[in-house]
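In case you want the letters, here they are:
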Amino acid sequence: MPDGFQRSALRRATWTAALLSAPVCLATGGVRSKPGNPLHGFVALLGPSLALAHGDPASPQEQPQADAAKQAGGAKQADASKQDQTTAPAPAGTPVDAKSQPTATGKADPPTDAKVDKVDPLNGEKKGAEITVTRHPIHTTPIQVDVNLVVVNVTVTDPYDRIVTGLDQENFAVYDEKVSQRIVAFSTEDAPISVGMIFDSSGSMSDKIEKSKEAALQFFKTSNPQDEFMLINFNERPNLISAFTSKFENLEDRLITVRAGGKTALLDAIYLGLSEMKKATTNRKALLVISDGGDNHSRYTERDVKKAVKEADVEIYAVGIFEPLSSRGRTTEEAGGPGLLSELAEVSGGRMFSVEDPNELPDIMEKISIELRNQYVIGYKPSNLVRDGRWRRIKVKLSPPKGLPPLQVYARTGYYAPTQ
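Figured I'd write up the structure that's included with this text. (Residues numbered from 1 in each chain as written. Predicted model: local features only at pLDDT ≥ 70, side-chain atom pairs only at ≥ 80, totals over all residues. Heavy atoms only, no water.)

## Description of the nonpolar core
Moving on, step 1. If you look at the biggest cluster of nonpolar residues, it comprises 30 residues, and the most contacted ones within it are M197, F219, L288, V319, M365, I368 and L372.
Moving on, step 2. Looking at this core, the elements with two or more residues in it are β5 (193–200), α4 (209–221), β6 (228–234), α5 (248–256), β8 (284–291), β9 (315–321), β10 (352–355) and α10 (361–372).
Moving on, step 3. Looking at this core, the element that brings in the most residues is α4, giving six residues.
Moving on, step 4. In contact with L288, not counting residues within four places along its chain, are V195, G196, M197, I198, F219, Y317, V319, M365 and I368.
Moving on, step 5. Listed in part, the 25 residues of the second largest apolar core include V309, I316, L340 and L341. (Core = buried A, V, L, I, M, F, W, Y, C linked by side-chain atoms within 4.5 Å. Buried < 20%, exposed > 50% of the residue type's maximum accessible area, 1.4 Å probe, protein only. Helix = DSSP H or I, 4+ residues; strand = E, 2+ residues; numbered from the N terminus. Contact = heavy atoms within 4.5 Å.)

Okay, structure coming up:
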């Protein structure tokens, strides 16, 4: 083969290899040429354009400076990598303290909320200031509430046992352990109330149970929509017929089926009622007991029940359906029934109504309903409170306006002091 032909073929192969290698150089950023390279002139012409397409701001003449900058940036990245291995980054969302913290190098980092000018490692130019938003920890202080307010429900009647309304705060005085107290809350609002009814269905109530049912239903019908009721009937043992509900129709259906029979566990029923009153959802609570007052089958004693009444913030209203005095008292417990109900009602701030004629029951129940909705609510903070858990006596006195007859005040007689 002639030498000229071989030289021409070799020249064409060299140009072809150079053209094929140009895209590779472009893809890797290696836009480089030497004077002896056949494409030196070609690269010199297209170098700036190819560099811009690749994103490299350095021109062929500035390439040595760019190479030095890249080597310096690589060294900085290596140092940063070593530092990250010794100081783990905080998880996202973690509050950052504004104070400087020492790093693995022993130098203090700048505050996280400071503006820092950073240098681009490739070209050595300063970038714009970066703003870092910090999230400082929130420190909350528990809210302290004074819970030493004593609330007393007060009922006032005239000599004819009629409810007296329209009195003002200035007409009342409260004494705690014989020390006058300043009244800080006073209200006459008809607030919702939770009433638990204790219904006697023992054998001694057989001749008056129908009138008792009628009276109970009359009481439910005079209620307000926000009131709630609970029903317990008892003979030899108490039975929770219905937990608290605002739908008295449900209680009516269940009460109709109650039949009289068996012995009387009155104290057990009251004790259960006081326990169930803890589930009430209103601030005002009352137990309404309908019974002939005799107990002959309870496990709890009078002492147990009296202590439970003192501990509970519950008024007790009792309707005692008693036989005429001449025929009353078949047993010692039954003879003491009226006195027991009266004492429980007095300690709690409620009242007892004695009835000999069952036909009077509906009127009595309506009277109790009206009384519960026309009470004075008095609040005070004891100035002489001692946290010893002992029983503290309360006395509410009345100074009625001029021209009124002597009035009767009904209120709870005391409370147990807190221990802490």
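Next, the rest of the story.
## A look at the sheet that holds strand β1 (residues 150–157)
Moving on, step 1. Strand order across the open sheet formed by four strands is β4-β11-β1-β13, with antiparallel pairing between neighbours. Edge positions in the sheet fall to β4 (183–187) and β13 (408–410), since each of these pairs with one other strand and no more. With strand direction ignored, the average angle separating the axes of adjacent strands in the sheet is 30 degrees.
Moving on, step 2. Bridging between β4 and strand β11 (residues 376–380) involves four bridges; their strand directions are antiparallel. Within β11, the position partnered with I183 by the bridge is Y380. (Pairing = 2+ DSSP bridges. Axes fitted to C-alpha atoms, helices over the stretch in contact; angles between N-to-C directions.)

## Thoughts on unusual backbone geometry
Moving on, step 1. The backbone of D161 sits at a positive phi, close to 65 degrees, despite the residue not being glycine.
Moving on, step 2. Within the element layout of this structure, D161 appears in the loop between β1 and β2 (172–176).
Moving on, step 3. Accessibility expressed as a relative area gives 22% for D161, which makes it partly exposed.
Moving on, step 4. Backbone geometry places K178, a non-glycine residue, at a positive phi of 70 degrees.
Moving on, step 5. Looking at K178, the relative accessible area reads 81%, which means it is exposed.

## Side note on the side chain of Q375
Moving on, step 1. Inspection of the secondary structure assignment puts Q375 in the loop between α10 and β11.
Moving on, step 2. A polar contact is formed between the side chain of Q375 and the side chain of T155, at a distance of 3.1 Å.
Moving on, step 3. One polar contact links Q375 to E315, side chain to side chain, over a distance of 2.9 Å.
Moving on, step 4. Beyond its immediate sequence surroundings of up to four residues, Q375 is in contact with N153, V154, T155, S187, T188, R284, E315 and Y317. (Polar contact = N/O pair within 3.5 Å; in protein donor to acceptor, adjacent residues only side chain to side chain.)

## What to know about the side chain of D292
Moving on, step 1. Looking at the element boundaries, D292 is found in the loop between β8 and α7 (302–311).
Moving on, step 2. Buried and unpaired, D292 has K208 as its nearest opposite-charge partner, separated by 4.6 Å.
Moving on, step 3. Only 2.4 Å separates the side chain of D292 from the side chain of S204, close enough to count as a polar contact.
Moving on, step 4. Beyond its immediate stretch of four places on either side in the chain, D292 contacts D200, S204, M205, K208, I321 and F322. (Lys, Arg positive; Asp, Glu negative; His and termini not counted. Salt bridge = Lys/Arg side-chain N within 4 Å of Asp/Glu carboxyl O.)

## What to know about the pattern of salt bridges
Moving on, step 1. Throughout the structure, instances matching the rule amount to 13 salt bridges.
Moving on, step 2. D158 serves as the salt-bridge partner of R162, at 2.7 Å between the closest nitrogen and oxygen.
Moving on, step 3. Owing to a relative accessible area of 13%, D158 belongs among the buried residues under this scheme.
Moving on, step 4. The shortest N-O distance in the salt bridge between E343 and K306 comes to 3.1 Å. Of this pair, E343 sits in helix α9 (residues 337–348) while K306 sits in helix α7, and the two are 37 residues apart along the sequence.
Moving on, step 5. Beyond isolated ion pairs, a larger network of salt bridges with shared partners links D161, R351, K367 and E371.

## Some remarks on the sheet that holds β8
Working definition: the strands of a sheet are paired by backbone hydrogen bonds and lie parallel or antiparallel to each other.
Moving on, step 1. Read across the sheet, six strands follow the order β7-β6-β5-β8-β9-β10 without closing on themselves; strand pairing throughout is mixed. The open sheet has two free edges, formed respectively by β7 (238–245) and β10, since each of these has just one partner strand. If you compare each strand with its neighbour and ignore which way they point, the axes differ by 10 degrees on average.
Moving on, step 2. Of the pairings in the sheet, the one linking β8 to β9 comprises six bridges and is parallel in character. Paired with S291 across the strands is G320, a residue of β9.
Moving on, step 3. Contacting β5, β6, β7 and β8, helix α6 (residues 266–276) crosses the sheet at an angle of about 155 degrees to β6.

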